[in-house]
Protein chains: 4
Amino acid sequence: MTAPINVGIVGGTGYTGSELLRILARHPQAKVTAITSRGEAGTSVAKLFPSLRGVMDDLVFTTPDESNLTDCDVVFFATPHGVAAAQAKELTAAGVKVIDLAADFRLQDLAVWEKWYAQVHPSPELVPSSVYGLPEANREAIKGAMIIGNPGCYPTATQLALMPLLENNLIDVSDVIVDAKSGISGAGRNAKVDMLFAETNDSFKAYGLNGHRHLPEIEERLAVMAGKPVNVTFVPHLLPMIRGIEVTVYANLTQDISAAELQSLFEQRYANEQFVDVMPAGSMPETRSVKGTNICRLAVYRPQGRNKVVVTSVIDNLAKGASGQAVQNMNLLFGLTESMGLETIALLP
Amino acid sequence: MTAPINVGIVGGTGYTGSELLRILARHPQAKVTAITSRGEAGTSVAKLFPSLRGVMDDLVFTTPDESNLTDCDVVFFATPHGVAAAQAKELTAAGVKVIDLAADFRLQDLAVWEKWYAQVHPSPELVPSSVYGLPEANREAIKGAMIIGNPGCYPTATQLALMPLLENNLIDVSDVIVDAKSGISGAGRNAKVDMLFAETNDSFKAYGLNGHRHLPEIEERLAVMAGKPVNVTFVPHLLPMIRGIEVTVYANLTQDISAAELQSLFEQRYANEQFVDVMPAGSMPETRSVKGTNICRLAVYRPQGRNKVVVTSVIDNLAKGASGQAVQNMNLLFGLTESMGLETIALLP
Amino acid sequence: MTAPINVGIVGGTGYTGSELLRILARHPQAKVTAITSRGEAGTSVAKLFPSLRGVMDDLVFTTPDESNLTDCDVVFFATPHGVAAAQAKELTAAGVKVIDLAADFRLQDLAVWEKWYAQVHPSPELVPSSVYGLPEANREAIKGAMIIGNPGCYPTATQLALMPLLENNLIDVSDVIVDAKSGISGAGRNAKVDMLFAETNDSFKAYGLNGHRHLPEIEERLAVMAGKPVNVTFVPHLLPMIRGIEVTVYANLTQDISAAELQSLFEQRYANEQFVDVMPAGSMPETRSVKGTNICRLAVYRPQGRNKVVVTSVIDNLAKGASGQAVQNMNLLFGLTESMGLETIALLP
Amino acid sequence: MTAPINVGIVGGTGYTGSELLRILARHPQAKVTAITSRGEAGTSVAKLFPSLRGVMDDLVFTTPDESNLTDCDVVFFATPHGVAAAQAKELTAAGVKVIDLAADFRLQDLAVWEKWYAQVHPSPELVPSSVYGLPEANREAIKGAMIIGNPGCYPTATQLALMPLLENNLIDVSDVIVDAKSGISGAGRNAKVDMLFAETNDSFKAYGLNGHRHLPEIEERLAVMAGKPVNVTFVPHLLPMIRGIEVTVYANLTQDISAAELQSLFEQRYANEQFVDVMPAGSMPETRSVKGTNICRLAVYRPQGRNKVVVTSVIDNLAKGASGQAVQNMNLLFGLTESMGLETIALLP
């Protein structure tokens, strides 16, 4: 057994932070040596997250100053946009790898980034060498990176749904529709009236129709896959459940490919991907089957035999959509088995 | 005050039946005089539905034979497909009006009906004179009808979302997408493992991708509005909540009409419709705001200024999507104020 | 028809405020003429609560100064503790009746009040003539009151469960256990991390074991019923649902009274109470059957024939547990039919 | 590494069966070699439970006849009451250990068993040597047993709440109250109208007040702990959530022991129990913190300093309340580390 990877987490009081802790606590080759929070410095993580009692009783939040993050092998940022970019230079200069769960390294087009995130990018010079951390698209580049931009939750589910179609030039890229639905944990662990139980349970709505930050990320990454611009209509919705994303993707076929051929195409594309599961023809993935896991489940349809392809894709927004994928990236960065620490089976029921 | 309308309900043990009872119990001009159920004959409705204790303590389920439905002024069918059509001839011959909450009179094209419902239509001769009961589209015809085909839940939300666009020839009818989500009460009050709480809570999935019976209904009625065939991709999903439907509709604009003009178009179209509420520009309807009510709330968007129009529409599947709309139709049939008995305000929270 | 009652609401942006609006909007003899909120002054109530669109489109929040509350016939306080007591003197001096939905007039023992509410009572001289607004216990006194202390939610469900037993001296008052469970709306419409959907859904816990403010209210009122002190162990719990309270009450019988006699006792005690429904022997009330209604449903048991009596009691915490009961009190204050405006039937499902 | 334990599961299509599969799939020393179901024979477990796709793709339900259960080292029964007792003789004669997740071996008093389970016990001669499988009470006896009666869910949470008090003779055993609440998965994976999502969500009720089968189990086991009969009032309730049990236990103290001493007593009693976690004084366990885990979390209170002790105890009804505890017992039976395969951390949120 090799020496464990020393892991730092910046901003570990939110949901992506607690999910990182849950996964890393059982990771055989990683050890969380520092976790920072200005607001909770001095509090043990097991006090804030009682599910960690008996598991991580010694880990305590510290201020960023106390944390000696440069002693870590890798630092995860579970912070607001802009924080990772501001600190990445110092860390990478010290040889520390950086995995940002926010958006600082998701877009290569900085003009687009600055428009949608309404701030000047803190370290534009680091962006070109950073790698977008979707292993199913970018595995080799990830292995050699110093900075990973961990994908957004909606973009992860969307890209995996469309990748086989775009790589094979099978759909009209001028008109792709992504109807997306997310559980409420996607809004984070912030005190907002809109996210109270009494405001969100037993209800459903669309939101973000005037523009959601995951739209430019989706369009930039799909364009890379397609080799040309892709025009996406993206409408997210809020589900009355804690975890889980489903996206239903609609596109027009540019070739006459049968449902059986589409099924086969998807199965082949993902045959060697242990975290992407193509459901058998005629069945349908449900979000609960991936809850707490790093798995994306997909089904592909050609309804009524018309020239529309429909793909439904489910992930856990906090796992494959955030912290699980971040650990998958960490495993790649350090040459570990890609699934290490990510073998959880979803509770059913 | 005139004599009350004598109402019969056939098959009142399901959710559309209990919702009819809830509404009619407070309707100032209607009186439920007969309710049939083979399985529950002899049971009081208040025993089966405790919410009716103190409200309808004398009403008891009877067998169809005992019920003397021909003495009623109107009979609602809350039954499986085929039952209303089998009994409508005798009732209408006796002067009794019929409102079918199932699908027997929703489609004019009998070949399509027989294909999707997998049975021979029991009374094809009654179909041509029956009227599709969407008041916002068909108000005058409804007033003079003997048989009303009460619309499906998804078709109601979808038609109200698209009506202003189709009537004004603003969208490409060859490619309309309807991404629909329904609460679980839409599956009815039947003992099925798939609809158990432990199977459906905290989860979400698409279903019916190989063909849902509401697709031909949607396409037939949209074609009437458009004056030409409309091609719809329809994907329903199952929401972890009891009541509520949301549909997000996507279509390509054939004219360059601004978001403000779209907003104005919708507001004008529905200015005199008390059960259709166009939300202010920039806001979004949520299903809870219509729960238990006969209201459809809509919002219209043109995301990113591209040529796609997106409409989100919410209803209560058991109210405007079934029993509320059925009572609205009853009010029209008998010359009553259209909103009589339908003034409930949604609980919030 | 007489002139409508002019109603003012102070602090109408929370859940008891919105519930008052929902009920009063359909009350045939009341008109909300003023509603105050410092934070939302200038906002229409229909903007904050979209369920009121089309119902109360002209009502706008105003600052307390603008509101001319002394022109009202009655003012409801849906405010933090202490506010009603501070304003009641001026209002009652102007002939305006006051119904406080907070705790300022729930306790006659001011020392106890000041201990549990950790403040000096703003108007102790008003307390003796104020009336505790539980109509089933205090109907005649309520009719003549100027100030009503509207009961707490847990205390309402608890008192109705115990009243027949205490009035007939059937239980040992030294040891009464109240195991209470409430939906999350009881925590109010405040931005707190603990009440987020992602923190409360799919979970359950006890809370308040070191002392909940409803304990002294319960003990004081039960003592009035019993004519002697009553010792209560009160443990509230938080339910993953929006509305509804259930209390299960346990007490030792001091007489050998059969289950059938207990059933009969409860039925007789509440025979003339339209808002208290004793369930048939062997059945069990569920919270959904009272959601949105002013009804308390009860069942009484003597398990295994031992000398323990168990009563289960359900109400809607925002209706009979707050705003519904407040309107019931208003009806009594103004000589109206007691159930006016309170005839809603619960949605089922 | 030793040869794996060959495990058979009888009746694996319900929730305790699927939970066994989830746990055993990741157990380093166990291998499920047979799983029986008459109804699903020929179906793969991954088809019935999609969460097992990619994990147990080769395991297929077989009929009991095909299964050669006598070749197993241990057989779990996740069956209706009476099945395990009927088959245990043959299996144990063949040297196969039996863990029954139903009630056949939970009671030593067969007259009580036959009264509450309304059948003749199929193998009364096996009962005396069978062992009640609560490791915290019975660890040594379990290690040497051939037949384990795995405890019921409510009895597990209740016994762990009361054990320190009864073992130390601190409470009045004539009057113990257990107010218990369970998620809906406790009702099993059976098609019943009462357990539909639309019947149970957003509602709460008591049930079983005329007698629940866990009452005699609780009373028999508490009597063993106390060394004398214990009189329990047991009222279960149904929670609108999938997994989780909370019990709040009330008893009268027979000695003047302070809250701090009670806290210390509980902490000491469970200091070496890795699956029992006593929460710090003043805090409260919530069911979500144990979901999917084998942990019981407890808090002990003495409210208002009166002579009543209150304990709140939470478990996952399918894990520590059923299949998790069954695997804990298997580990003890085969001399493995007691926590093997049971290290899952609860998802939070």
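Residues numbered from 1 in each chain as written. Chains lettered and ligands numbered in written order. Predicted model: local features only at pLDDT ≥ 70, side-chain atom pairs only at ≥ 80, totals over all residues. Heavy atoms only, no water.

## A word on the overall build of chain A
In terms of regular secondary structure, chain A is built from 10 helices and 13 strands. Relative to the 2.2 N^0.38 estimate, which gives 20 Å for 349 residues, the radius of gyration of chain A is 20 Å and therefore close to what a compact globule would have. By principal-axis analysis of the C-alpha atoms, chain A measures approximately 60 × 45 × 45 Å. Across the 349 residues in chain A, those meeting the buried criterion constitute 66%. (Helix = DSSP H or I, 4+ residues; strand = E, 2+ residues; numbered from the N terminus. Rg over C-alpha atoms; globule rule 2.2 N^0.38 Å. Buried < 20%, exposed > 50% of the residue type's maximum accessible area, 1.4 Å probe, protein only.)

## Notes on the sheet that holds strand β6 (residues 147-149) of chain C
Residue and element names in this part refer to chain C. Spatially, the 6 strands line up as an open sheet ordered β2-β1-β3-β4-β6-β5, and their pairing is parallel. On the outer flanks of this sheet lie β2 (30-36) and β5 (131-132), each paired with one strand and no other. The sheet contacts of helix α3 (residues 83-93) involve β3 (74-77), β4 (97-100) and β6, and relative to β3 the element is tilted by about 175°. Contacts between helix α10 (residues 319-333) and the sheet are confined to β1 (5-10), β2, β3, β4 and β6, with β4 contributing the most and set at about 160° to the helix. (Pairing = 2+ DSSP bridges. Contact = heavy atoms within 4.5 Å. Axes fitted to C-alpha atoms, helices over the stretch in contact; angles between N-to-C directions.)

## Some remarks on the relation of the copies chain C and chain D
The transform that puts chain C on chain D rotates by 180° and translates by 0.0 Å along the axis, for an RMSD of 0.0 Å. Such a combination of turn and shift is consistent with a two-fold rotation axis. (Least-squares fit on C-alpha atoms with pLDDT ≥ 70 in both.)

## Describing the interface of chain A and chain B
Of the residues lining the interface, 48 residues belong to chain A; the matching set on chain B comes to 48 residues. A buried area of about 4,000 Å², summed over both sides, lies between chain A and chain B, and 53% of it is on carbon and sulfur atoms. Ranking the residues of chain A by area buried against chain B places Asp202, Phe204 and Leu209 of chain A at the top, with a combined share of 16%. Where chain A packs against chain B, one counts 10 salt bridges. With a shortest N-O distance of 3.2 Å, Asp179 of chain B and Lys181 of chain A are connected by a salt bridge. When residues of the side of chain A that touches chain B are traced back to their parent elements, those giving at least two are β7 (176-182), α7 (197-200), β8 (205-206), α8 (214-226), β9 (232-238), β10 (245-252) and β13 (308-315) of chain A. (Buried area = accessible area lost by both parts, 1.4 Å probe. Salt bridge = Lys/Arg side-chain N within 4 Å of Asp/Glu carboxyl O.)

## Topic: the interface of chain C and chain D
Accessible area lost during the coming together of the parts is what is often quoted as the interface size. Residue-level contacts link 48 residues of chain C with 48 residues of chain D. For the chain C and chain D pair, buried surface summed over both sides reaches about 4,000 Å², with 53% attributable to carbon and sulfur atoms. The largest contributions to the chain C side of the interface with chain D come from Asp202, Phe204 and Leu209 of chain C, which together make up 16% of the buried area. Notably, a salt bridge pairs Asp175 of chain C with Lys308 of chain D, separated by 2.5 Å at the nearest N-O pair. Taken together, chain C and chain D are joined by 26 residue pairs in polar contact (both at pLDDT 80 or more). Secondary-structure elements contributing two or more residues to the side of chain C that touches chain D are β7 (176-182), α7 (197-200), β8 (205-206), α8 (214-226), β9 (232-238), β10 (245-252) and β13 (308-315) of chain C. (Polar contact = N/O pair within 3.5 Å; in protein donor to acceptor, adjacent residues only side chain to side chain.)

## Quick notes on the relation of the copies chain A and chain B
Overlay of chain A on chain B (RMSD 0.0 Å): rotation 180°, translation along the axis 0.0 Å. Comparing interface residues between copies, 100% of those in chain A also sit at the interface in chain B, which points to an isologous, same-surface contact.

## Some thoughts on the side chain of Asn201 of chain A
By secondary structure assignment, the location of Asn201 of chain A is in the loop between α7 and β8. For Asn201 of chain A, a relative accessible area of 6% translates into the label buried. Among residues more than four places away in sequence, those in contact with Asn201 of chain A are Pro240 of chain A, Phe197 and Ile242 of chain C together with Asp202 of chain D.

## Section: the environment of Gly321 of chain A
Residues and elements named next belong to chain A. Secondary-structure assignment places Gly321 in helix α10 (residues 319-333). Sequence separation of Gly321 and Glu125 is 196 residues, and the distance between their C-alpha atoms is 26 Å. With near-sequence residues (within four places) excluded, Gly321 lies in contact with Pro151, Gly152, Cys153, Ile315 and Asp316.

## Things to note about the packing of aromatic side chains
Tallied over the full model, the rule gives 10 aromatic pairs over all chains. When the ring of Phe197 of chain A is compared with that of Phe197 of chain C, the centres are 5.4 Å apart and the planes differ by 10°; the resulting orientation is stacked. You can see Phe197 of chain A sitting in helix α7 and its partner Phe197 of chain C sitting in helix α7, one on each of two chains. In terms of burial, Phe197 of chain A and Phe197 of chain C fall into one category: buried. Lys97 of chain B extends its terminal NZ or CZ atom over the ring of Phe334 of chain B, reaching a point 4.9 Å from the ring centre. (Phe/Tyr/Trp six-rings, centres within 6.5 Å; stacked < 30°, edge-to-face > 60°. Lys NZ or Arg CZ within 6 Å of the ring centre and 35° of its normal.)

## Details of the pattern of salt bridges
What the rule picks out here adds up to 88 salt bridges over all chains. The closest approach of N and O atoms between Arg243 of chain A and Glu19 of chain A, which form a salt bridge, is 2.6 Å. Placement of Arg243 of chain A in the loop between β9 and β10 and of Glu19 of chain A in helix α1 (residues 15-25) is noted, with a sequence separation of 224 residues between them. Owing to a relative accessible area of 2%, Arg243 of chain A belongs among the buried residues under this scheme. Between Glu217 of chain D and Arg106 of chain D there is a salt bridge whose closest N-O contact spans 3.7 Å. Of this pair, Glu217 of chain D sits in helix α8 (residues 214-226) while Arg106 of chain D sits in the loop between β4 (97-100) and α4 (110-117), placing them 111 residues apart in sequence. Each member of the pair, Glu217 of chain D as well as Arg106 of chain D, is classed as buried. Through salt bridges with shared partners, a single network forms among Asp179, Lys181 and Glu246 of chain A together with Asp179, Lys181 and Glu246 of chain B.

## A word on the sheet that holds β13 of chain C
All names here are of chain C. On the basis of which strands lie adjacent, the open sheet formed by 7 strands has the order β8-β9-β7-β10-β13-β12-β11 and mixed pairing. The sheet terminates laterally at β8 and β11 (276-278), the two strands that pair on one side only. Bridge count between β10 and β13: 8 bridges; the pairing is antiparallel. Following the sheet pairing, Val247 is matched in β13 by Ser313.

## Section: the packing of helix α6 (residues 153-167) of chain B against helix α8 (residues 214-226) of chain B
Residue and element names in this part refer to chain B. Where α6 meets α8, the axes come as close as 10 Å, and the angle between the chain directions of the two elements is 25°. The angle between the axes of α6 and α8 places the two elements in the roughly parallel class. Handedness of the α6/α8 crossing: right-handed. Taking contact as the criterion, the partners of Cys153, Tyr154, Pro155, Thr158, Gln159, Leu162, Met163, Leu166 and Glu167 in α6 are, on α8, His214, Glu217, Ile218, Arg221, Leu222, Met225 and Ala226. Taken together, the residues of the contact of α6 with α8 sort by class into 10 nonpolar, 3 polar and 3 charged. (Parallel < 35°, antiparallel > 145°, perpendicular 65-115°, else oblique. Left-handed = near helix turned anticlockwise from the far one by under 90°. Nonpolar A, V, L, I, M, F, W, Y, C, P; charged D, E, K, R; others polar.)

## Topic: helix α9 (residues 259-269) of chain C
Residue and element names in this part refer to chain C. Of the positions making up α9, those classed as buried are Leu262, Gln263, Leu265 and Phe266. Relative to the axis of α9, the buried residues are bounded by an arc of 160° and lie together on one face. Exposed and oriented more than 90 degrees from the buried face of α9 are Ala260 and Gln268. Lining the buried residues of α9 we find α6 (153-167), β11, β12 (296-301) and β13. (Arc of directions from axis to C-beta.)

## Some details on the pairing of strand β13 (residues 308-315) of chain B
Residues and elements named next belong to chain B. Burial of β13 is extensive: 8 of the 8 residues sit out of reach of the surface. Relative to β13, strand β12 (residues 296-301) runs antiparallel, the two being bridged by 5 bridges. If you follow Ala299 over to β13, its bridge partner there is Thr312. In this structure, the hairpin formed by β12 and β13 is closed by a connection of 6 residues, where Gln304 is found at a positive phi of approximately 60°.

## So, the confidence of the model for chain A
Residues at a pLDDT of 70 or more form 100% of chain A, whose mean pLDDT is 97. Model confidence for the complex: the whole-complex pTM is 0.98, and ipTM, which rates the interface, is 0.97. (pLDDT = per-residue confidence, 0-100.)

## Overview of the domain arrangement of chain A
Residues and elements named next belong to chain A. Looking at the assigned domains, one finds that chain A contains domain 1 (5-129) and domain 2 (154-317). Relative to domain 2, the C-alpha centre of domain 1 lies at a distance of 27 Å. Taken residue by residue, the interface counts 15 residues in domain 1 and 14 residues in domain 2. Summed over both sides, the interface between domain 1 and domain 2 buries roughly 1,300 Å², with carbon and sulfur atoms accounting for 54% of that surface. Sorting the residues of domain 1 by area buried against domain 2 places Tyr15, Arg106 and Trp116 first, and these three jointly supply 47% of that buried surface. (Domains from an automatic or database assignment.)

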